[in-house]
Every structure is written in structure tokens, then in C-alpha cells.
Amino acid sequence: MAEVTEEKVEVKAKEPKEPLFSKKNKKLLTDPLADNNPITIQVLGICSALAITAQLKPSIVMAISVVFVLGIGNVVISLMRNIIPSKIRIIVQLVVVATLVIVVDQVLKAFAYTLSKELSVFIGLIITNCIIMGRFEAFALGNGPWKSFLDGIGNAAGYGVLLIIVAFFRELLGSGTLFGAKVLGDPIEKTGVYAFGYENNGFMVLAPMALITVGIIIWIQRSRNKALIEDH
Amino acid sequence: MAINTDKNSYTIIFAIAMVVVVGALLAGISSVLKPNITANKITEKQQNILFAMGVTDTEDPNEFVPAEKAEELFNKYVGDEKYIIVGDVAEKTEDAFNIEVKKENDKLKQDPNYKRKMPLFIGKKDGEEFYIVPMRGNGLWDAIWGYVSLDKEFKKVKGAFFDHKGETPGLGANIKEAYFRDDFIGESILDAAGNYKGITVKKGNGDPKNVRKDDNAVDAMAGATITGDGVTAMVKKGIKMYQPYFATLKK
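Note that this is a predicted model, so its numbers are computed, not measured.

If you tally the helices and strands in chain A, you get nine helices and zero strands. Across its three principal axes, chain A shows a C-alpha extent of roughly 65 × 45 × 35 Å. The buried share of chain A, reckoned over its 232 residues, is 44%. At a minimum sequence separation of 6, the contacts of chain A that also span at least 24 residues come to 75%. Carbon and sulfur atoms make up 70% of the accessible area of chain A, which amounts to about 11,900 Å² in all.

This is the structure we're talking about:
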């Protein structure tokens, strides 16, 4: 929670006009990609990371949808931050996410029907993605629209990048494909690496392996940047 | 201008305004996108029907025909062979495509005397006839539906496609998978005496490879008993309704 108050205080002191991509603004965008990644550091949004990362394609669509929802949502909340009644602010936030998610869902249904069937329930689940409500509450309610936009895009991209990394390994090791293309050869015809007795690891397709993959990424990240390790 | 955002009256006005704005926005978007979504649903139905009669993507036999070719192929294989059946009387009409099994089920529920309209599609491929029956039932969590095509003696299943709204991924959701659906192909819907029996999704029927095509049973999916039972009930009821009509055709 320390982080939250810090961010809110930051704005109270009205800063003089700063360039659009000042150092601080750039940090808003890049920080969540690595050192403050919503999944590996804040451990938010894990549920959807488990559910949809068995293949690359849905992961990328999910990443794009979350970038859209969080980018726009943060701006909307930020623009309304001074008129939102504090008593019902969580409800207002939910309404904003839900509206945006319905828009995404309808657009997918209209223009990418097969994909929307594949993602079916997960698009709806964006509403419950903790990252979104987290950023609304912690950042957009206390910061200007431009900053909120950068923060939203940054955090959603950090989430998306991780989804894509996890999905890459799960699809490659679990099904031997990338974007559905058989990059490792054909397991039934025994071509490519399968000719040498390689087998797909069916375990990778199941949800628990997403957790373990995320765990390995957290491990690698923290062993490279010791500052991220909490001292318990 | 500072607004007192803590006042109750303000909170209520804000909430009302928000609901009105959001409602109008969503209604607008929905009506703009509706034609596209409806077109997609029609395409999907055509793809499903074609799939049940074995017209699939040439590259991958487990895929639908490409969406942009669905209409053309549907006209080629099914054309205007669309019928609405009431009892044992069939009427050839384009309207058959728009009949929703779900709505007919609901009407029957409200009025037990209602004579349901049953859509039937007859496809022709390589000189063979496929009688395609749409059906709808309940899985474990939500609706399941499918299209089953029968041969012209109404003895055997020639093809099937099943889909679901929200069955458990990896368990009940497997009714969509080829290994489950393909077991239905060639399976007999009549018992040895020639009476209608349907097809049972059965645990431990000692026939995992589905060699016996005349035992009216296919192998169940592990961990998805209730979804499997749902498929059994749906197929059994779904084809049974058509029996009076099929009987007149057999004569």
C-alpha cells in the first residue's frame, strides 16, 4: 500500500508543464514491463495468465484487449477523478471496465468471430482482472489523463509480454507448434525432432504448468536483479 | 469549481447519469454491430451443418470450411433442401434455417399441446444423402448443441458436430473434439430388432476403439460423466422427434 499513497501524493503538488515523454513519464511506461511487472512482481492477473496461455494466438488477443481496456479505462477514470463520488467509486470503476469489455467482446464477435468463440468466457473475465481495478484505484484516481494512459498501456503491456512468453513455451513444448504451425515436425508422421524420439510434453498444456512457467520467470528475473527480492 | 462529491444527492444523481450514458452507449454500439454479428452466426450455422455432413476444410479435415466459402458451399451441398417438419408432415421452406431448437423447446414447455416445428436439412454429397438434424440439450454447466447427419435409411449416423457454451475445458469441453465426435460416425441408432434406440455415451462399454458399430454406444469421456449423459439425452431426444416423419419416408 505504501506505493499507492506515494503515487497519489505525487500529483497533489502541481508540477510545471513537463514534456510528453519526460523521464518520469517514460518510466511509467517501461517500469511495468520489467522491474514492476504486474504478474511477476505484483502477482496480479494470474488467473487469466493460467487460463489462456496454452496457445500463442489467444494470448496475443488477450494482451491486445487488455491494453485497450486498461489504456482507455485509465484515461476515462482519470478524467472523471474529480467528479466521481468517493462512496461509489469502486462501482463506477467496475462500470467503466464492464462497458469497455462489452465493447471489446462485441467488436470481436462482429469482426473476429472464430477468435471470440475461442476466447469466449475469458474476454468477460477481463472485468475481474485485478490489474485493471488495481491501476484504476491506485493510479488513475490520482493522476492526470496522459500519465494514466501511459501507466495503463505500460501495465497492460507488461501483463501481455508475460502472457506471450508463457504461451510461447507452453505451445512449443506442449503441442510442438507456434501459432498452430508445426515447427518441430509432425508427431504422428515422426518427422523433424520427433524422428529422434522426442515427445510433446502434454503436461505443458494443463493450467498448473503455466504457474510453474511463471515461477521460473520470476526466479530468473529476481536472480538477475537482486533488488527485487523482498527481505522476509 | 469544487463539487461536494460526498453528498448523497450528488452520489445518486451521478449514478443515474452514469447508467443512462453507459446504457445509451452500449445500445448504440450493439445496434451498429448487430448486422455483422448476425451474419457471423448464419455463417457459423452453415459451417456446422456442412461439417456434420463431412464437408470440411480441404487442408485440415477437423476444421470448418473457411467462413468466406461457407455460403457458396452451403448452396452447393444443401441448397434449398430445407424443411420444417410438424408431426409427420414436411414443408419445404427457406424459413427452416431460422428455426431455433431452443425457442421451440421453450414454446413446448409453456404449452404442452404446442406442435413443434422441427428443422431438417438434406445435403447431397457424392451421390449420397445426408439428413441433418439440429439438436440442443443441457451439459453440466450450460447448453450443449449439435448437428447429426443420418443416412437415408435412418439407421446410422453419418456425421456429427457438437458444441457447448461453457463445459469444463479439458473435460466436458471435449465433446467438441474429433476423438469424441468421430466415434458417432457409423454408429447405429436402431437396436437389433430395428426399433429406435438412440446412442448412449457409455462408460466402460469395453469398446474404446468403437469397433462395434451396432451396440448403440460410444465410449465416454473421462471426467465428464454429466456432459456425456447430456449428449446421450440430447441425441436420443433430438432424433426421436423426427421418427414419425422418417417412418413416412421409409414407406
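Here we take up the interface of chain B and chain A. In this complex, chain B contributes 23 residues to the contact, which on the side of chain A involves 19 residues. Here chain B meets chain A over a buried area of about 1,900 Å², counting both sides, of which 69% is carbon and sulfur. In this structure, the connection of chain B to chain A is made through zero salt bridges. Linking chain B with chain A are seven residue pairs in polar contact (both at pLDDT 80 or more), by the criterion used here. The element best represented in the side of chain B that touches chain A is helix 1 (residues 8–52) of chain B, accounting for 17 residues. Of the residues assigned to the side of chain B that touches chain A, the class counts are twelve nonpolar, six polar and five charged.

Residue and element names in this part refer to chain B. Ordered in space as 2-1-3-4-5-6, the six strands form an open sheet in which the pairing is antiparallel. Looking at which strands have only one partner, the edges of the open sheet turn out to be strand 2 (89–92) and strand 6 (157–164). When strand polarity is set aside, the average angle formed by the axes of neighbouring strands in this sheet is 25 degrees. Alignment of strand 5 (residues 143–150) against strand 6, held across seven bridges, turns out to be antiparallel. From the neighbouring strand, Ile144 faces strand 6, where its bridge partner is His164.

Residue and element names in this part refer to chain B. The sites that UniProt annotates as "modified residue: FMN phosphoryl threonine" (unreviewed entry) are Thr225. Its place among the elements puts Thr225 in helix 5 (residues 225–240). By relative accessible area, which is 37% here, Thr225 ends up partly exposed.

What follows is about the UniProt feature "transmembrane region" (unreviewed entry) in chain A. Here the UniProt feature "transmembrane region" (unreviewed entry) sits at residues 60–79, 91–113, 119–136, 148–169 and 202–220 of chain A. Helix makes up 96% of residues 91–113 of chain A and strand 0%. Its end C-alpha atoms lie 30 Å apart.

Of all the bends in helix 1 of chain B, the greatest, near 50 degrees, is centred on Lys34 of chain B, and the proline Pro35 of chain B appears no more than four residues after it. In the segment just after helix 1 of chain B, Gly54 of chain B is the residue with positive phi, at about 85 degrees.

Residues and elements named next belong to chain A. Axis separation between helix 8 (residues 145–175) and helix 9 (residues 207–224) bottoms out at 10 Å; the angle between their running directions is 120 degrees. Here helix 8 is positioned oblique relative to helix 9, judged by the angle of their axes. Considering only the axes of helix 8 and helix 9, their crossing is right-handed. Mapping the contact onto sequence places Leu162, Ile165, Val166 and Arg170 in helix 8 and Ala207, Ala210, Thr213, Val214 and Ile217 in helix 9. Among the residues making up the contact of helix 8 with helix 9, the classes are represented as seven nonpolar, one polar and one charged.

Right, let's talk about a nonpolar patch on the surface for a bit. Residue and element names in this part refer to chain A. On the surface, Leu33, Val161, Ile165, Phe168, Phe169 and Leu173 cluster together to form a nonpolar patch covering roughly 440 Å² of accessible area. Within the secondary structure, Val161 sits in helix 8. A relative accessible area of 37% means that Val161 is categorised as partly exposed.

Residues and elements named next belong to chain B. In total, this model carries 14 salt bridges over all chains according to the counting rule given. Two residues, Lys92 and Glu81, come together in a salt bridge whose shortest N-O distance is 3.2 Å. With Lys92 in strand 2 and Glu81 in the loop between helix 2 (67–77) and strand 1 (82–86), this residue pair connects regions lying eleven residues apart in the sequence. A salt bridge links Lys103 to Glu100, with the nearest nitrogen and oxygen atoms 3.7 Å apart. For Glu100, a relative accessible area of 42% gives the class partly exposed. A single salt-bridge network, built from bridges that share partners, covers Asp80, Glu81 and Lys92.

It is worth spelling out the confidence of the model for chain A at this point. Predicted confidence across chain A gives a mean pLDDT of 82, with 91% of residues reaching 70 or more. The low-confidence segment residues 1–15 of chain A (pLDDT under 50) makes 16 contacts with residues lying over four places distant or belonging to another chain.

Before going further, it helps to spend a moment on the packing of aromatic side chains. Enumeration according to the criterion identifies 17 aromatic pairs over all chains in this entry. Taking 5.3 Å as the distance between ring centres and 80 degrees as the angle between the ring planes, the aromatic pair formed by Phe168 of chain A and Phe169 of chain A counts as edge-to-face. Phe169 of chain A gets classed as partly exposed once you look at its relative accessible area, which sits at 37%. Aromatic ring contacts, followed pair by pair, group Tyr131, Phe154, Tyr242, Tyr245 and Phe246 of chain B into a single cluster. One Lys or Arg, Lys45 of chain B, reaches over the ring of Phe97 of chain B and ends 4.9 Å from the middle of that ring. Between the NZ or CZ atom of Lys158 of chain B and the centre of the ring of Phe130 of chain B, over which it lies, the distance is 4.3 Å.

What counts as what
Residues numbered from 1 in each chain as written. Chains lettered and ligands numbered in written order. Predicted model: local features only at pLDDT ≥ 70, side-chain atom pairs only at ≥ 80, totals over all residues. Heavy atoms only, no water. Helix = DSSP H or I, 4+ residues; strand = E, 2+ residues; numbered from the N terminus. Buried < 20%, exposed > 50% of the residue type's maximum accessible area, 1.4 Å probe, protein only. Contact = heavy atoms within 4.5 Å. Areas by Shrake-Rupley, 256 points an atom, 1.4 Å probe, with all protein chains shown as cover. Buried area = accessible area lost by both parts, 1.4 Å probe. Salt bridge = Lys/Arg side-chain N within 4 Å of Asp/Glu carboxyl O. Polar contact = N/O pair within 3.5 Å; in protein donor to acceptor, adjacent residues only side chain to side chain. Nonpolar A, V, L, I, M, F, W, Y, C, P; charged D, E, K, R; others polar. Pairing = 2+ DSSP bridges. Axes fitted to C-alpha atoms, helices over the stretch in contact; angles between N-to-C directions. UniProt positions renumbered as here; feature names shortened; annotations may be inferred. Bend = angle between axes of the 7 residues up to and from the residue. Parallel < 35°, antiparallel > 145°, perpendicular 65-115°, else oblique. Left-handed = near helix turned anticlockwise from the far one by under 90°. Patch = residues over 30% accessible without salt bridge, like charges linked within 9 Å, V, L, I, M, F, W, Y side chains within 5 Å. pLDDT = per-residue confidence, 0-100. Phe/Tyr/Trp six-rings, centres within 6.5 Å; stacked < 30°, edge-to-face > 60°. Lys NZ or Arg CZ within 6 Å of the ring centre and 35° of its normal.

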